[in-house]
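So the chains spell out like this:
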Amino acid sequence: MQTVRRRTLIAQVSDQLRDEITSGRWRVGDRIPTEPELCEMTGTARNTVREAVQALVHVGILERRQGSGTYVIADVEQGSALAEYFAAARERDLWELREAVEVTAAVLSARRRDAADIEDLLALLARRNELWSREPETENERAEMTSADTALHRAIVAASHNEIYLQFYDLLLPTIHRAVAAGPVGTCTSFEREHTELVEAIVAGDPQRAEAAAQVFIARLRP
């Protein structure tokens with residue numbers, strides 16, 4: 001693995017991790033190096049490494065095991081073929097897909113969310129809104145803000161308690177993450193009111209309100 005010699009996006013570190021798997025240096029079943037070791041290998045900050053690893057967790061290539069470490073659980077080609085297809089798709093098609101997925105997920109989440117989901121959603125919303133209330137000064141701050149945003153949206157899908165839906169969204173999530181990271185990040189694009197209304201509708205258990213809030217949110221974001 002080569003050291004990253006300039007400021008890099010999370011996707012670049014994620015690509016380096018993928019290379020370790022495709023090369024056969026990390027095999028299915030292997031535990032990958034720890035975060036401090038990956039930081040040293042890539043020359044990047046811990047937050048960047050953490051989110052790069054999480055991107056591969058999202059697409060089903062890596063798995064975090066509490067108290068044990070992070071392991072390779074699938075060949076890259078198995079886990080990333082659809083994700084790569086999404087990455088190459090037209091922007092319009094992706095927005096239409098995202099609308100279908102996220103609006104339906106919001107409705108299901110309003111019906112099925114439990115106490116743990118409510119706690120997670122409120123905590124993630126507070127963190128996301130707090131981070132986006134200021135302008136990022138460093139690449140790490142920008143990455144942290146992007147990750148907080150996508151984590152909230154993933155939690156909404158997770159609260160639907162539809163495992164297939166969540167697995168599909170995890171394949172789409174890296175593309176969403178890159179799109180958020182590529183755009184303006186900060187107070188001018190915070191959409192705090194829209195995020196808050198969406199989460200509050202789900203917490204209130206109001207499917208119709210959640211559907212309307214999700215539709216408004218997508219309409220505001222769509223280019």
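Residues numbered from 1 in each chain as written. Predicted model: local features only at pLDDT ≥ 70, side-chain atom pairs only at ≥ 80, totals over all residues. Heavy atoms only, no water.

For the protein, the name recorded in an unreviewed UniProt entry is L-lactate utilization operon repressor, with Mycobacterium basiliense as its organism.

**Section: the overall build of the protein**
Each helix and strand counted, the protein has 10 helices and two strands in total. Mapped in sequence order, the helices and strands of the protein form the string α-α-α-β-β-α-α-α-α-α-α-α. With respect to the principal axes defined by its C-alpha atoms, the protein has extents near 50 × 35 × 35 Å. Expressed as a percentage of the 223 residues in the protein, the buried residues total 44%. For the protein, contacts bridging at least 24 residues in sequence account for 70% of all contacts bridging at least 6. By element, 49% of the accessible surface of the protein is carried by carbon and sulfur atoms, the whole surface being about 11,500 Å². (Helix = DSSP H or I, 4+ residues; strand = E, 2+ residues; numbered from the N terminus. Buried < 20%, exposed > 50% of the residue type's maximum accessible area, 1.4 Å probe, protein only. Contact = heavy atoms within 4.5 Å. Areas by Shrake-Rupley, 256 points an atom, 1.4 Å probe, with all protein chains shown as cover.)

**Overview of the nonpolar core**
Core analysis: the biggest nonpolar cluster contains 17 residues, and Trp132, Tyr169, Leu172 and Ile176 have the highest contact counts within it. Listing elements by their share of this core, those giving two or more residues are helix 5 (91–112), helix 7 (139–158) and helix 8 (163–182). Top contributing element to this core by residue count: helix 8, with seven residues. Not counting residues within four places of it along the chain, the set of residues in contact with Ile176 comprises Arg98, Glu102, Thr150 and Tyr169. (Core = buried A, V, L, I, M, F, W, Y, C linked by side-chain atoms within 4.5 Å.)

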